[in-house]
Amino acid sequence: QITYAGKPLGSGMRCFWKVRSWDRHGKASDWSPVAEWSMGLLKRSDWKGKWIADPELAAFPDKHAPEPAAMLRKTFRLRKAVARATVYATAAGVYDLQINGQSVANHILAPEWTNYEQRFQYQTSDVTALLTKGDNAIGARLAEGWYAGPIGGNQFPGRHHYGPYPMLLAQL
């Protein structure tokens, strides 16, 4: 319960800490191993990625039948190995993100339900080990989820409660 008093924390900043404790006789423990976390994106302007959607879903937003998951994919080339890579991702709907055929995280139905009128939760993953020098690909399965699909129950009847079709926002 000690308030942080260090330098201001910024978007994407890597942060490190270690701790120790004292017993009732005032004897200090050894320091813990160094641990780390990284800050998320703190301002809307930190997002450089753009929302994307499957053009077919966008062209027919009034369908009443459930849509199959959209498959989105982008290839890119890295001229050299990367020292560190982080992906930030969210969806208007639910998504599963992969890089070079490997799941980015073990999220199920990310980004979980939220009131999309107020916020979009996003996930952050260190993907350094998934990238290689040369050709790479990032892909996502994207489905309606709670955003455009049925939420359930009598409180939220029908579909498209928050929007007409799912969208993905990802930044690597």
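Below, the structure is looked at part by part. As the structure is a prediction and not an experimental result, all values here were calculated from the model.

1. Overview of the overall build of the protein chain
(1) Moving on: Of regular secondary structure, the protein chain possesses two helices and nine strands.
(2) Moving on: Tracing the protein chain from N to C terminus, the helices and strands come up as β-β-α-β-β-β-β-β-β-α-β.
(3) Moving on: Since a compact globule built from 172 residues should have a radius of gyration of about 16 Å, the 21 Å found for the protein chain marks it as more spread out than a globular shape.
(4) Moving on: The principal-axis extent of the C-alpha atoms belonging to the protein chain is close to 70 × 50 × 30 Å.
(5) Moving on: Expressed as a percentage of its 172 residues, the buried residues of the protein chain come to 32%.
(6) Moving on: Accessible area of the protein chain: about 11,800 Å², with a carbon and sulfur share of 54%.

2. Some thoughts on the pairing of strand S7 (residues 123-126)
(1) Moving on: With burial as the criterion, only one face of S7 is covered, namely that bearing Gln123 and Ser125; the residues Thr124 and Asp126 on the opposite face remain uncovered.
(2) Moving on: Inspection of the sheet shows strand S4 (residues 86-92) paired to S7 by four bridges, in the antiparallel sense. Note on S7: the bridge partner recorded for alanine 89 is glutamine 123.

3. Things to note about the packing of aromatic side chains
(1) Moving on: A full pass over the atoms with the stated rule returns 10 aromatic pairs.
(2) Moving on: A ring pair is formed by tyrosine 116 and tyrosine 162, whose centres lie 5.1 Å apart and whose planes are at 70°; its orientation type is edge-to-face. Highlighted residues: tyrosine 116 in the loop between strand S6 (102-103) and S7 and tyrosine 162 in the loop between helix H2 (145-148) and strand S9 (167-171), separated in sequence by 46 residues.
(3) Moving on: The exposure class of tyrosine 116 is buried, given its relative accessible area of 7%.
(4) Moving on: Accessibility expressed as a relative area gives 17% for tyrosine 162, which makes it buried.
(5) Moving on: With 6.3 Å between their ring centres and 45° between their planes, phenylalanine 120 and tyrosine 147 make a pair best called tilted.

4. A word on the side chain of glutamine 123
(1) Moving on: When you line up the elements, glutamine 123 lands in strand S7.
(2) Moving on: Within the local environment of glutamine 123, its side chain forms a polar contact with the side chain of tyrosine 95, the two groups lying 2.7 Å apart.
(3) Moving on: Setting aside chain neighbours within four positions, we find glutamine 123 in contact with Val87, Tyr88, Ala89, Thr90, Tyr95, His107, Ala110, Pro111 and Glu112.

5. What to know about unusual backbone geometry
(1) Moving on: Of note, the bond from alanine 110 into proline 111 is cis; its omega dihedral lies within 30 degrees of zero at 10°.
(2) Moving on: Tracing the backbone shows proline 111 in the loop between S6 and S7.
(3) Moving on: One non-glycine residue, glutamate 112, lies in the positive phi region at around 65°.
(4) Moving on: Residue classification places glutamate 112 among the partly exposed positions, given a relative accessible area of 32%.

Conventions and cut-offs
- Residues numbered from 1 in each chain as written.
- Predicted model: local features only at pLDDT ≥ 70, side-chain atom pairs only at ≥ 80, totals over all residues.
- Heavy atoms only, no water.
- Helix = DSSP H or I, 4+ residues; strand = E, 2+ residues; numbered from the N terminus.
- Rg over C-alpha atoms; globule rule 2.2 N^0.38 Å.
- Buried < 20%, exposed > 50% of the residue type's maximum accessible area, 1.4 Å probe, protein only.
- Areas by Shrake-Rupley, 256 points an atom, 1.4 Å probe, with all protein chains shown as cover.
- Pairing = 2+ DSSP bridges.
- Phe/Tyr/Trp six-rings, centres within 6.5 Å; stacked < 30°, edge-to-face > 60°.
- Polar contact = N/O pair within 3.5 Å; in protein donor to acceptor, adjacent residues only side chain to side chain.
- Contact = heavy atoms within 4.5 Å.

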